[in-house]
Amino acid sequence: MPSLTDIYREIVPGLPAKPGVYQFIDSAGNIIYVGKAKNLRKRVASYFTGRQSGKTTVMLNKASKLQHIVVDNEADALLLENSLIKKHQPRYNILLKDDKTFPWICVKNERFPRVFSTRNVIRDGSDYFGPYTSVMMVKTLLTLIRQLYKLRTCNHNLSRQNISAGKFRVCLEYHLGNCKAPCVGMQDESEYNETVSQIKDILRGHIGTVLEHLRKMMIEYSKALRFEEAQVIKDKIELLSRYRSKSLVVSNKIRNVDVFAFTGESDRGYVNYLRIIEGAIVQSFTLEMRLRMDEERASLLGFAVNEVRERYKSDAPEIIVPFRPDILPEGVKCTIPRKGEKLKLLELAERNAIYYRLEQKKKIAETSTVSRTSRNLEILKNDLHMNELPVHIECFDNSNIMGKNPVASCVVFRNARPSRKEYRHFNIKSVSGPDDFASMEEVIYRRYKRMKEENMPLPQLVIIDGGKGQLSSAMKSLQRLELRGKMTVIGIAKKLEEIYFPGDSVPIYLDKNSLSLKLIQQIRNEAHRFGINFHRQKRSSGFIASRLDEIAGIGPATKEILLKSYKSIDEIAVAPEEDLAKHIGRKRASIIYNHFHNQDSFHVEQSI
């Protein structure tokens, strides 16, 4: 296998100083990189004389052979490079994001061509317009075309022989007035082709050309006293003018240009393309390129300009760019604006490219998050020996102080993330005094009795904040509801973070750094926080109510008015008697004022 030095000594000196394309080939005969050059000798020599990046060095180390093709000019080199990359898909070349999922509008290569949307481009001579990033735009254009022109929608082979032989009959579309029935010879082919030509102009954005042609036709029909046909043409002109008015007009001076803006990262490049025809933006598209080597910005932009113009069949005589591409299409003027309307267009394209890049990063992050979540849940499933992935998890916690204001909380996690709208509080109803076991039994019964009655899907995992006692109480309720074994239930004891399973007195200990234990702790802590907040609210409202209950002659209605008028019991206690009288009358104001002020000493109490 020849070394890089051998390749340099044997091949580079013999390369011509002319435009062309070079190919690096590995030992297996595969083309691993294709490049273009204004000067083949200088460009190839630069790989061996200068310091290269890591990616380029890796490519060079895999190369065992170099081939080159000489062309007449730089534009031909650009076209040939593009063609070879598409054909061979070299490992280290730019990888374009696949656009097969984008819709196109196809004008079929056939007699009496059909016009329809498709996502599959077939190289059979048909004309394809797009790709369009918006399906709504495709539907809008097709609706406009069908309002303007009567086209066939059938897929019959309308050859002269078939039509002459009378193989077809008119269909419902003819009777509805949507088709002129070329299948039975009721529409001339030249007339139909004239319609298709106008449709192509509309799809290319040349609406002004179509309008001018229609106006001439309308005048001719009017002069020939064919007023009904002239009216039909007039309706088409109005419809097309309304559609044109909805296009984003950016300039009355700039007529036919292509705008390209570039933004990039270490491994990706983005080029936004705006197609301006007759001063309006008729097309916008962002090309995404995955970089496999450290390509220069000028080379990436040159590649994108050629690719996009070929894809959209653009014939614009001028391109607006932020910097000069390494190679330009032949006969095209390159403008790098510094001010004015052209600069504003370039800035608009740059914003589009940046928005697209940020949107793609967001999608990648979301995909990564989903993948990471699934992996974490799979680990939790294996650690707890579950049969199903714990996509839906619920956790329960009790909260009380010396048996007062006992409450419980239930938090719900879906895909390892809190589903706060599904959180639930429970006031303990059947238990008196501090009895965590009985409280847990009540809460579990109430929660899953309702879910069972309403046919709601059960969680795959239930976490009980507590040890063997709380877990056993929870299982009693599930046993009564005949739900035992329908979901995995565990208890987590706080001190050593022991995990208990029903019917097993020996806990398991998960690694303190394991993802499973961290997720269980996160859910348990969320249930504790949610329960504590509810318990504080209960204690606070109970404390306020109890202080007002001490005052003789003050009923529930008065207490309600006071609590609505004042923020706290402390404000009620220090309020002037005149102020209280405005809300509850003088008599009751005097009672409350005297209660709080006729004591030997008064201290504003703080709620626990």
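Just above sits the structure.
Per-chain numbering applies: the sequence of each chain, read as written, is numbered from 1 onward. With the structure being a predicted model, the display of local features is reserved for residues of pLDDT at least 70 and the display and counting of side-chain atom pairs for 80 or more, all residues being used for whole-chain, interface and lining totals. Computation of side-chain values covers all heavy atoms of the structure but excludes hydrogens and water.

**Digging into the overall build of the chain**
Next up, step 1: The number of helices and strands found in the chain is 19 helices and 20 strands.
Next up, step 2: For the chain, the proportion of its 608 residues judged to be buried stands at 45%.
Next up, step 3: Note on definitions: a residue-residue contact is assigned when non-hydrogen atoms from the two residues lie within 4.5 Å. Here the contacts in the chain between residues at least 6 apart in sequence split such that 61% fall between residues at least 24 apart.
Next up, step 4: For the area figures, the Shrake-Rupley method with a 1.4 Å probe applies, and any residue is considered shielded solely by the protein chains shown. Carbon and sulfur atoms make up 49% of the accessible area of the chain, which amounts to about 33,100 Å² in all. Note on conventions: DSSP H or I runs of at least 4 residues are helices, E runs of at least 2 residues are strands, and numbering of each starts at the N terminus. Exposed residues in this analysis have more than 50% of their type's maximum accessible area, buried residues have under 20%, and partly exposed residues fall in between, with area computed by a 1.4 Å probe over protein chains only.

**Some details on helix α14 (residues 468-480)**
Next up, step 1: A helix is expected to span 1.5 Å for every residue after the first. For α14, with 13 residues, the first-to-last C-alpha span of 19 Å sits near the 18 Å given by 1.5 Å per residue.
Next up, step 2: Among the residues making up α14, those that are buried are Gln-470, Leu-471, Ser-473, Ala-474, Met-475, Ser-477 and Leu-478.
Next up, step 3: In this fold, the buried residues of α14 make contact with α13 (436-453), β18 (461-465), β19 (488-493) and β20 (498-500).
Next up, step 4: One or two steps after α14, the chain reaches Glu-482, where phi turns positive at roughly 60°.

**Looking at the side chain of Asn-39**
Next up, step 1: Mapped onto the fold, Asn-39 is located in the loop between β2 (31-37) and α2 (40-49).
Next up, step 2: A distance of 3.2 Å separates a polar atom in the side chain of Asn-39 from the backbone nitrogen of Arg-41.
Next up, step 3: Polar contacts, as used here, are pairs of N or O atoms within 3.5 Å; protein pairs need one atom able to donate a hydrogen and one able to accept it. Residues neighboring in sequence count only if both atoms are side-chain atoms. Within the structure, Asn-39 has its side chain in polar contact with the backbone nitrogen of Lys-42 (distance 3.1 Å).

**Notes on a nonpolar patch on the surface**
Next up, step 1: What makes a patch is a set of residues exposed beyond 30% relative accessible area and free of salt bridges, joined within 9 Å when like-charged and within 5 Å when nonpolar (Val, Leu, Ile, Met, Phe, Trp, Tyr). The term salt bridge refers to a side-chain nitrogen of Lys or Arg lying within 4 Å of a carboxyl oxygen of Asp or Glu. A contiguous nonpolar surface patch, about 210 Å² in accessible area, is contributed by Val-170, Val-184 and Met-186.
Next up, step 2: Take Val-170: it is sitting in the loop between α6 (160-164) and α7 (172-175).
Next up, step 3: Overall, the relative accessible area of 31% leaves Val-170 in the partly exposed class.

**A short note on the packing of aromatic side chains**
Next up, step 1: The rule is short: rings of Phe, Tyr and Trp, with Trp giving its six-membered ring, pair when the centres are within 6.5 Å, and they are stacked under 30 degrees, edge-to-face over 60, tilted in between. If you walk through the whole model with that rule in mind, you get eleven aromatic pairs.
Next up, step 2: When the ring of Trp-104 is compared with that of Tyr-128, the centres are 6.4 Å apart and the planes differ by 90°; the resulting orientation is edge-to-face. Here Trp-104 is found in strand β5 (residues 104-107), whereas its partner Tyr-128 is found in strand β7 (residues 127-129), with 24 residues between them in sequence. The same class applies to Trp-104 and to Tyr-128, which are both buried.
Next up, step 3: Arranged with centres 6.1 Å apart and planes meeting at 80°, the rings of Phe-262 and Phe-323 form a pair that is edge-to-face. Of this pair, Phe-262 sits in strand β9 (residues 256-264) while Phe-323 sits in the loop between β12 (318-320) and β13 (333-335); the two residues are 61 residues apart in sequence, bridging distant segments of the chain.
Next up, step 4: Should the NZ of a Lys or the CZ of an Arg lie within 6 Å of a ring centre and within 35 degrees of the ring normal, that charge is described as sitting over the ring. Across from the ring centre of Phe-323, 4.0 Å away, lies the NZ or CZ of Arg-297, which sits over that ring.

**Remarks on unusual backbone geometry**
Next up, step 1: Positioned with a positive phi, Phe-112 is a non-glycine residue whose angle comes to about 50°.
Next up, step 2: Tracing the chain through its elements places Phe-112 in the loop between β5 and β6 (115-118).
Next up, step 3: In this model, Asn-415 sits at a positive phi of 55°, which is unusual for a non-glycine residue.
Next up, step 4: Along the chain, the position of Asn-415 falls in the loop between β15 (404-414) and β16 (417-418).
Next up, step 5: By relative accessible area, Asn-415 is classed as partly exposed at 41%.

**Some remarks on the nonpolar core**
Next up, step 1: One finds Ile-105, Val-115, Tyr-149, Leu-203 and Leu-240 to be the most contacted residues of the largest nonpolar core, which totals 35 residues.
Next up, step 2: Elements with a contribution of two residues or more to this core: β5, α5 (135-148), α8 (189-204), α9 (207-223) and α10 (227-246).
Next up, step 3: Not counting the four nearest positions on each side in its chain, Leu-240 is found in contact with Leu-144, Leu-148, Ile-202, Ile-207, Val-210, Leu-211 and Leu-214.
Next up, step 4: Only buried Ala, Val, Leu, Ile, Met, Phe, Trp, Tyr and Cys residues count toward a nonpolar core, and they belong to the same one when joined by side-chain atoms within 4.5 Å. With 28 residues, the next largest nonpolar core counts Val-34, Ile-85, Phe-262 and Val-305 among its residues.

**Observations regarding the pairing of β2**
Next up, step 1: Burial of β2 is extensive: seven of the seven residues sit out of reach of the surface.
Next up, step 2: As judged from the six bridges shared by strand β1 (residues 20-26) and β2, these two strands associate in the antiparallel manner. Across the sheet, Gly-20 pairs through a bridge with Ala-37, a residue of β2.
Next up, step 3: By definition, two strands form a pair when at least two bridges between them are found by DSSP. Counted along the chain from β1 to the antiparallel partner β2, the turn is four residues long, and its residue Gly-29 has a positive phi close to 90°.

**Quick look at the sheet that holds β6**
Next up, step 1: The sheet built from three strands is open, its strands ordered β6-β5-β7 with antiparallel pairing. Two strands in the sheet have a free side with no partner beyond their single neighbour: β6 and β7. Mean inter-strand twist for the sheet, computed between neighbouring axes without regard to direction, equals 30°.
Next up, step 2: With three bridges connecting them, β5 and β7 associate as antiparallel partners. Bridging from a neighbouring strand, Cys-106 pairs with Tyr-128 of β7. Each axis is a line fitted through C-alpha atoms, and for a helix only the stretch in contact is used; angles between axes span 0 to 180 degrees, taken between their N-to-C directions.

**What about α13?**
Next up, step 1: For α13, built from 18 residues, the straight-helix expectation of 26 Å at 1.5 Å per residue is met to within 8% by its first-to-last C-alpha distance of 26 Å.
Next up, step 2: Residues Ser-439, Met-440, Glu-442, Val-443, Ile-444, Arg-447, Tyr-448 and Met-451 constitute the buried set of α13.
Next up, step 3: Once α13 ends, the next one or two residues include Asn-455, with phi positive near 55°.

**What to know about the packing of helix α16 (residues 556-565) against helix α18 (residues 577-584)**
Next up, step 1: Relative to each other, α16 and α18 sit at 120°, their axes nearing to 10 Å. What the angle tells us is that α16 and α18 run oblique. Crossing handedness for the pair α16 and α18: right-handed. Packed against α16, whose contacting residues are Thr-558, Ile-561, Leu-562 and Ser-565, the element α18 presents Leu-580, His-583 and Ile-584 at the interface.
Next up, step 2: Under this grouping Gly is polar, as are all residues other than the nonpolar Ala, Val, Leu, Ile, Met, Phe, Trp, Tyr, Cys and Pro and the charged Asp, Glu, Lys and Arg. Looking at side-chain class alone, the contact of α16 with α18 contains four nonpolar, three polar and no charged residues. For classification purposes, angles smaller than 35 degrees are called roughly parallel, those larger than 145 roughly antiparallel, those between 65 and 115 roughly perpendicular, and all remaining angles oblique. With the far helix as reference, a near helix turned anticlockwise by less than a right angle produces a left-handed crossing, and one turned clockwise produces a right-handed crossing.

**Regarding the sheet that holds strand β3 (residues 63-70)**
Next up, step 1: Read from one edge to the other, the open sheet built from three strands follows the order β2-β1-β3, with strand pairing classed as antiparallel. Two strands lie at the open edges of the sheet, namely β2 and β3, each paired on one side alone. Averaged over neighbouring strand pairs, the angle between their axes works out to 20° when direction is ignored.
Next up, step 2: Set on the sheet, helix α4 (residues 74-88) makes contact with β1, β2 and β3; between it and β2 the angle comes to about 165°.

**Side note on the packing of α13 against α14**
Next up, step 1: In the contact formed by α13 and α14, the axes pass within 8 Å of each other and the chain directions differ by 35°. Considering the relative orientation of α13 and α14, their crossing is right-handed. Taking contact as the criterion, the partners of Asp-436, Phe-437, Met-440, Glu-441, Ile-444, Tyr-445 and Tyr-448 in α13 are, on α14, Gly-469, Gln-470, Ser-473, Ala-474, Lys-476, Ser-477, Leu-478 and Arg-480.
Next up, step 2: Among the residues making up the contact of α13 with α14, the classes are represented as seven nonpolar, four polar and four charged.

All we've got here are geometric facts, nothing functional implied.
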